[in-house]
Every structure is written in structure tokens, then in C-alpha cells.
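Observations on chain architecture
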Amino acid sequence: MTDMTDPSGAGQVLKVSDLSKSFGALQASKNITLDLRAGEIHALIGPNGAGKSTLIKQISGELRPDSGSVSLLGRPVDDLDRVARARMGLGRTFQISALAMEFTVLQNAVLGALGARGGVFRFLGNVMRDKALVAQAEHALERVGLLSDAKRRTADLSHGQRRQLEVAVALTLQPKLFLMDEPMAGLGAGGSQALTGFLDTLRHEAPILLVEHDMDAVFALADRISVLVYGEVIATGTTEEIRNNAEVQRAYLGEEEPV
Amino acid sequence: MNREKLLNTAVILLLLAIPLWAHMAEEPFLITLATKVAILALAGVGLNIALGIGGLVSLGHAAFFGIGGYAMGILAAHAQNYEPLAEWPMLIEGTNQMPVIWLVAVVASALAALVIGALSLRTSGVYFIMITLAFGQMLYYFAISWTAYGGEDGLSIWVRNEFPGLNTLVPLEFFLICYVILCAALWFAARLARAPFGLALSAARQCEARVETVGITPYQLRLTAFVISGAITGLAGALFADLNRFVSPTMLSWHTSGEIMIFVIIGGVGRLFGPVIGAALFILLEHLLGGISDYWQIYLGGLLLIIVLYARGGVIGAISGREVAHD
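Sequence order as written defines residue numbering, which begins from 1 separately in each chain. Whichever chain is written first is A, and whichever ligand is written first is 1; the rest continue in order. Per-residue local features of the predicted model are confined to residues with pLDDT of at least 70, and side-chain atom pairs are confined, for both listing and counting, to 80 or more; whole-chain, interface and lining totals are unaffected and use all residues. Side-chain calculation: all heavy atoms of the structure are included, whereas hydrogens and water are not.

With that settled, consider the overall build of chain A. Comment: elements are numbered from the N terminus, with helices defined as DSSP H or I runs of at least four residues and strands as E runs of at least two. For chain A, the helix and strand inventory stands at nine helices and ten strands. Only the C-alpha atoms count toward the radius of gyration. The rule for a globule is 2.2 Å times the residue count to the power 0.38. Here chain A has a C-alpha radius of gyration of 18 Å; the compact-globule value for 259 residues is 18 Å, and the two agree. Projected onto its principal axes, the C-alpha positions of chain A cover 60 × 40 × 35 Å. A buried classification covers 55% of the 259 residues belonging to chain A. Residues are treated as being in contact if the distance between any of their heavy atoms lies within 4.5 Å. For chain A, the share of sequence-separated contacts (at least 6 apart) that also reach a separation of at least 24 residues comes to 66%. The protein chains shown are the only cover counted for residues, whose accessible areas, like all others here, come from Shrake-Rupley with a 1.4 Å probe. A total of about 10,700 Å² of accessible surface is found on chain A, and carbon and sulfur atoms cover 50% of it. The charge count includes Lys and Arg as positive and Asp and Glu as negative, but it does not include His or the ends of the chains. In plain terms, the charge of a residue is placed at NZ if it is Lys, CZ if Arg, CG if Asp and CD if Glu. Between the mean site of the 27 positive side-chain charges and the mean site of the 32 negative ones, chain A shows a separation of 9 Å. For every residue, the accessible area obtained with a 1.4 Å probe (protein chains only) is divided by the maximum for its type, and the residue is called buried under 20%, exposed over 50%, and partly exposed between those limits.

As C-alpha cells, this is what we get:
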């Protein structure tokens, strides 16, 4: 295993140490160690069923690991649920869109802004007339290119647009780091290129742990790549190192065309 | 104004116009029917906050309806017998003043909803339905065995309670009290749905993961909604007992929970006026079909099936289409 993790721990926004998780006989995560540093995009790639989503869920707090530890911003968060981790500044997008489908696009974004600001227990004023919340929501929609669709019902959006909305909702939280689970899936070539350009600038606001099957996007964006196969990180390194890593080629890139 | 708002306006005006006409035509029975519609609609407005916005399928709302009813029954019974409720640690007398009774009914049912909700909201889906049902039945059997307040036979109040400045014995005046309370509850429910709380509660129904991911805990939202919901249904229970001048364990039985839920579904779950239209249809069918056959609820069941299968938004949905997302 090629270990490229920064031993000093400086600038680590996220640190995953020795994480393991089994579902019955299936070991979905095997002693996974990786980190995310300020200002970077760290891509997580691997064939289907490699355990990428399982790992993301353990970082976000949806799943509890069997052993190992997760730290956010230098603080262990193993005993915090996902609400608490979200409040610490973890912004997450889902592989399968998790949005309020009956809402308009704008309402979904306003929900994010409301979660970030707090004050949910207000029973009278119209939330969609709250200028500060709506401005924050519209700004996020504009950044992902969805502002012209603000009044549409979320259920009527294409899959690609739902991914964009997921990113926009995460932006309203003004998170300290992003976990993005296949944000490019379902986007056409043009949309994928636009989002790639956007994520490229976003890394300076907050680092991104990016799970993505679109290899063009991964190699264009990633500062570092970790390759996950059968629940194990077989290599971590720069795009160049991963491209030239014999083990990676054997296990993944060479034998099997990424899906 | 869109179609749904037109329909709502027509319904609320009609509900006022019919008793006014009946008052002049001296048809007090019609006024009683309209009063029953207003009170049941109020109970439904309460349930609709939990069920419609929050997606909490509570089969135990009879508990709050009945607690409101017993709050009225117990306070009024002590007042009519001139027996204090308690002499120690302080003297507490019964009362026949509606505002005091309402306050007690709202506080008692809110507290019950807090306890029942805190326990049952740890579960979801069919378990939530069963636990709320179990709590409701627990109170039902308790009321049956509570002989101090009539047990199985219930508790009769000879004279309707009083409201300052009004003569509640005049059917129209009592109707107007119930009507104004219904309108206030509808106003509150409409505001609640658009408020930050309503947005988050609705989102938690649609997608729990989304709400948690933006840092909001669904449990607290749902518990708050359940308490508000129970309190409104409890207030309806106090009025219902006052309408009949009688309270019995039937108010607490699961049939009552089922009836409230059925007419909310018929009217339109999650639609502001769903409970009003549902309650009106329910009373109308009971009155019209009940005269033909004792088994009129068979027809109600048929109607419910048709609506559940073919009209997801209830009668309101069938007439005015999909809910317009408000902005």
C-alpha cells in the first residue's frame, strides 16, 4: 500500500484512521486511513461495490464503523450523529438525490440556508419572504447555474439538475468541507464540464472529498486520488502517481473499464 | 386567486351562511349539524398538522379529543354539583366558564401529546401507528373504569357552559363561537405551514436525510408538531362535549381516531381546508345515509376507497388539482 498521508497532520480538515465496517460476511471497509487537507480536492475512485458510499456514510455519521475513528477539523466525531457533524461544517451531497421533491428548487435551497442559520422553531412569519434566507439560497443556486429553475418543482427536474441542486443546498451551509458522492452522474457533457469548472474554484473555499466515476473530471480536478478496491485503499497519491501505479492498473484501471 | 383558494372561500362562507339562514328559518337542527362540522373540522385541523405536514400517521388522536372532552366534563360536573375538585394543597373549584375550560383542555391535551409523542416518535411507520393506537386505548379503558366520572356511562352536564357576553344556549351563538375558533385555527395552520417550522417539518416528511444533512433534528420538529396537533384536537374535544352536553369514553375510542383520520383523508391530507370539507361531507353523509340505513358507514368506506385509490389529494385534490407550491 502506498501511503501518502501527511504524517504531521498539518492542515488536515478530515482524518479517517483505521476505519473498518462489516455487513455480515462482507467487509465493506478494511482499515481505511485517509485525510483531506485544506484547499484540496481528494478524489475517491474504485469499481462499483468497492465501498465508496459506505465510507462516505461513516464519515457523515449515517453509519457507525465497527472500529477506527473519524476526526473533523482536528476533533474526533465518533460519538456525534450526522446532524451534529453537519453543524460542525460538513456539507454532503448524495449519490441518490435526497431532496424534498414536493418543494420548489428555491424552497430546497432555503431549507439549507435555514439549517445553517438556525431558528427553525418559528411558527408565524413566511419563510419564503425572509430576505436574508432567500438571498443566500438564490446566491447558491446562481453559482451552480440553477437560478433560472428556482420556481420549478424539484420532482420535475432532470437527474443532473437534482445533483446540481444537491450541490447548491450544500453551498448554503457554507461548510468547512464537502463530501460529494458522484455529483457528475446524470449530467450531460456540457453540465459535467461546467460543474468541473465550478468545483475547481470551490476547493479554495472548502476542500472536497469527491467520489466520482467520471474519470475525466477526476483527473482534471483531483490534487490527490485514493483508490478503493474491495473495501481497501490500495493506493493514495497524485494523479500522476496513480496513473503510473502498477497495482492500481492491475486492480482497476487496466483490467476493468471504469463504469 | 387559484381554484383551491376559491373553493376554500366558498366552503368557509357556506359554513357560515347555512346556520345564519337556519336561524332565521328557525331550523335549529341544521345549526347543530353545522356546529358539529365546525368542531370536527377543528379536530381535523389539529390532526392535519401532524398527519398532513409532518407525515405522522397517528391513530391515537382520540386521546386528545377525549382529554379535551373530559376536561370540560370534569370541570363542569364539579361546578354543577358545587363540589371543589380539590381542597388540598389549595382549593380548586370546578367552573362553567368556557375560556377557563378551553385553557385546561388545551394544556392537558398538549401535556398528554408531549408524553405520548416523546415515546412514540422514537419509532416510525407501522410501529408509530400501533403505539399511538395503544396509548389511545389505554386512556379509553381508563375512562371506562373511572367510576368517579361516570365510567362506561359517561358524564352528563345539564346546562351548556357559559361564555362572557354571549348566550351559549342559543344555538347560533354557540355555533359562532366554534366557527370563530375554527377560523383562528385555520389561520394559524396556514401560517404554520409557511413558517420556517412548517418548511422544515414538511421537508422531514419528504426526506429525513435531507433535513439531517442541513443540521436539523427531525425528532424535535415532529414532537413539537405532535404537541400543537394534540392541543388543537383537545380544544375541539372540549367544544364537542359542550355541544352534546355529555362526555363518555366513546370520545376516546379508536373509532373516533379513525373517523377523524378518515374525514381528513376524504377532504385532502395536507390541504388547509381538507379537514373542513371532509368533516362537512362526513356529517352530511351520516345525516343523509344514516336515515336510510344503520350501516351507512359501508358507503363511507366505499367513498374512502375511491379517494385513496383515485384521488390522492382527497376531494380538494380532485376539484382543484395538485397543490400549488407557495412562494
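Here the narrative resumes, following the displayed structure.
Let's shift gears to the domain arrangement of chain A. Residues and elements named next belong to chain A. Residue ranges labeled as domains rest on an automatic or database domain assignment. If you check the domain split of chain A, you get domain 1 (1–89 + 176–259) and domain 2 (100–174). Distance from the C-alpha centre of domain 1 to the C-alpha centre of domain 2: 26 Å. At the interface, eleven residues of domain 1 touch nine residues of domain 2. Accessible area, probed at 1.4 Å, shrinks when two parts are joined; the buried area is that loss added up over both. When the two sides are added together, the surface that domain 1 and domain 2 hide from each other amounts to roughly 890 Å², 66% of it contributed by carbon and sulfur. The three residues of domain 1 that bury the most area against domain 2 are F178, L187 and F198, which together make up 41% of that side's buried surface. Between Lys or Arg on one side and Asp or Glu on the other, a salt bridge is scored when a side-chain nitrogen of the former is within 4 Å of a carboxyl oxygen of the latter. At the junction of domain 1 with domain 2, the criterion picks out one salt bridge. Notably, a salt bridge pairs E205 with R143, separated by 2.4 Å at the nearest N-O pair.

A few words on the confidence of the model for chain A. Low-pLDDT stretches of the model should not have their predicted coordinates read in fine detail. Residue and element names in this part refer to chain A. Residue-level confidence of the predictor is summarised by pLDDT, bounded by 0 at the bottom and 100 at the top. Taken over all residues, the pLDDT of chain A has a mean of 90, while the share at 70 or more is 93%. When pLDDT is averaged over each helix and strand of chain A, the minimum, 76, is found for helix α9 (residues 246–253) and the maximum, 97, for helix α3 (residues 105–117). Segment residues 1–8: pLDDT under 50, and 18 contacts once partners within four positions in sequence are set aside and those in other chains are kept.

Here we come to the interface of chain B and chain A. In this assembly, 31 residues from chain B lie in contact with 37 residues from chain A. Both sides together, the interface formed by chain B and chain A hides about 3,100 Å², and carbon and sulfur atoms give 63% of it. For chain B, the biggest contributors to the area lost against chain A are B:P196, B:L199 and B:R210; these three give 22% of the whole. Inspection of the region where chain B meets chain A yields three salt bridges. With a shortest N-O distance of 3.3 Å, A:E166 and B:R210 are connected by a salt bridge. For the purposes of these results, a polar contact is taken to be a pair of N or O atoms within 3.5 Å, where, inside protein, one atom must be able to donate a hydrogen and its partner to accept one; residues adjacent in sequence count only when each atom of the pair is a side-chain atom. Between chain B and chain A we count eleven residue pairs in polar contact (both at pLDDT 80 or more) in total. For the side of chain B that touches chain A, the secondary structure elements donating two or more residues are α6 (171–194), α7 (196–206), α8 (208–213) and α9 (218–244) of chain B. Considering each element in turn, the side of chain B that touches chain A owes the most residues, eight residues, to α7(B).

This part takes up the pattern of salt bridges. Where charged atoms of side chains with opposite charge meet at close range, the side chains can pair. Residues and elements named next belong to chain A. As enumerated under the stated definition, the model contains 17 salt bridges over all chains in all. Put simply, D200 and R203 hold a salt bridge, and the shortest N to O gap is 2.2 Å. Look at R203 and you get buried, because its relative accessible area is 7%. Through salt bridges with shared partners, a single ionic network connects D35, R37, E40 and R224.

Looking now at the pairing of strand β9 (residues 224–229) of chain A. All names here are of chain A. Burial analysis of β9 places six of its six residues in the buried class, the great majority of the element. Every second residue of β9 is oriented toward a common face, with R224, S226 and L228 on one face and I225, V227 and V229 on the other, all of them buried. Should DSSP find at least two bridges between two strands, the strands are regarded as paired. Strand direction decides the pairing type here: strand β3 (residues 41–45) and β9, joined by four bridges, are parallel. What sits directly across from I45, in β9, is V227. Summarising the sheet, β9 and strand β10 (residues 232–237) pair through five bridges and their orientation is antiparallel. Pairing of S226 across the sheet is with T236, part of β10.

All names here are of chain A. Looking at the secondary structure, you find S60 in helix α1 (residues 52–60). Classification of S60 as buried rests on a relative accessible area of 3%. Remark: the alpha-carbon pair of S60 and T93, spanning 33 residues in sequence, is separated by 10 Å. When near neighbours in sequence (up to four residues on either side) are disregarded, S60 contacts R82, R85, L90, R92 and L179. Here the side chain of S60 touches K57 through a polar contact of 3.3 Å, landing on its backbone oxygen. Within the local environment of S60, its side chain forms a polar contact with the side chain of E62, the two groups lying 2.5 Å apart.

Attention shifts here to the sheet that holds strand β7 (residues 177–181) of chain A. All names here are of chain A. Pairing is mixed in the open sheet, where six strands are placed in the order β6-β7-β8-β3-β9-β10. Each having just a single partner strand, β6 (90–93) and β10 make up the two edges of the open sheet. Averaged over all pairs of adjacent strands, the angle between strand axes in this sheet comes to 15°, irrespective of strand direction. In the packing of α1 onto the sheet, contacts are made with β3, β6, β7, β8 (208–211) and β9, and the angle to β6 comes to roughly 150°. Helix axes are fitted to C-alpha atoms over the stretch in contact, other axes to C-alpha atoms as well, and angles between N-to-C directions run from 0 to 180 degrees.

A word on helix α4 (residues 98–120) of chain B. Side chains that are three or four residues apart share a direction in an α-helix, a result of its 3.6 residues per turn. All names here are of chain B. To estimate the expected span of a helix, subtract one from its residue number and multiply by 1.5 Å. For α4, which comprises 23 residues, the first-to-last C-alpha distance of 32 Å matches the rise-based estimate of 33 Å (1.5 Å per residue) to within 8%. Here α4 has its buried residues at M98, I101, W102, A105, S109, A110, A112, A113, I116, G117 and S120. Turning to α4, the residues buried within the fold contact α3 (61–81), α5 (125–145), α6 and α9.

A few words now on the packing of aromatic side chains. Ring pairs shown here join Phe, Tyr and Trp side chains whose ring centres sit within 6.5 Å, with only the six-membered ring taken for Trp; geometry is labelled stacked below 30 degrees between planes, edge-to-face above 60, and tilted in between. If you walk through the whole model with that rule in mind, you get twelve aromatic pairs over all chains. When the centroid spacing of 5.8 Å and the interplanar angle of 40° are considered together, the rings of A:F121 and B:F197 count as tilted. With A:F121 in the loop between α3 and α4 (131–144) and B:F197 in helix α7, the pair connects residues from two separate chains. Since its relative accessible area comes to 0%, B:F197 is described here as buried. On the basis of an interplanar angle of 85° and a centroid distance of 5.7 Å, the ring pair of B:F64 and B:F226 is categorised as edge-to-face. Highlighted residues: B:F64 in helix α3 and B:F226 in helix α9, separated in sequence by 162 residues. We note A:R92 situated over the ring of A:F94; from NZ or CZ to the ring centre the distance is 3.9 Å. In this analysis the charged atom, NZ for Lys or CZ for Arg, is taken to sit over a ring once it is within 6 Å of the ring centre and within 35 degrees of the ring normal. Above the ring of B:F174, the side-chain terminus of B:R160 is found at 4.2 Å from the ring centroid.

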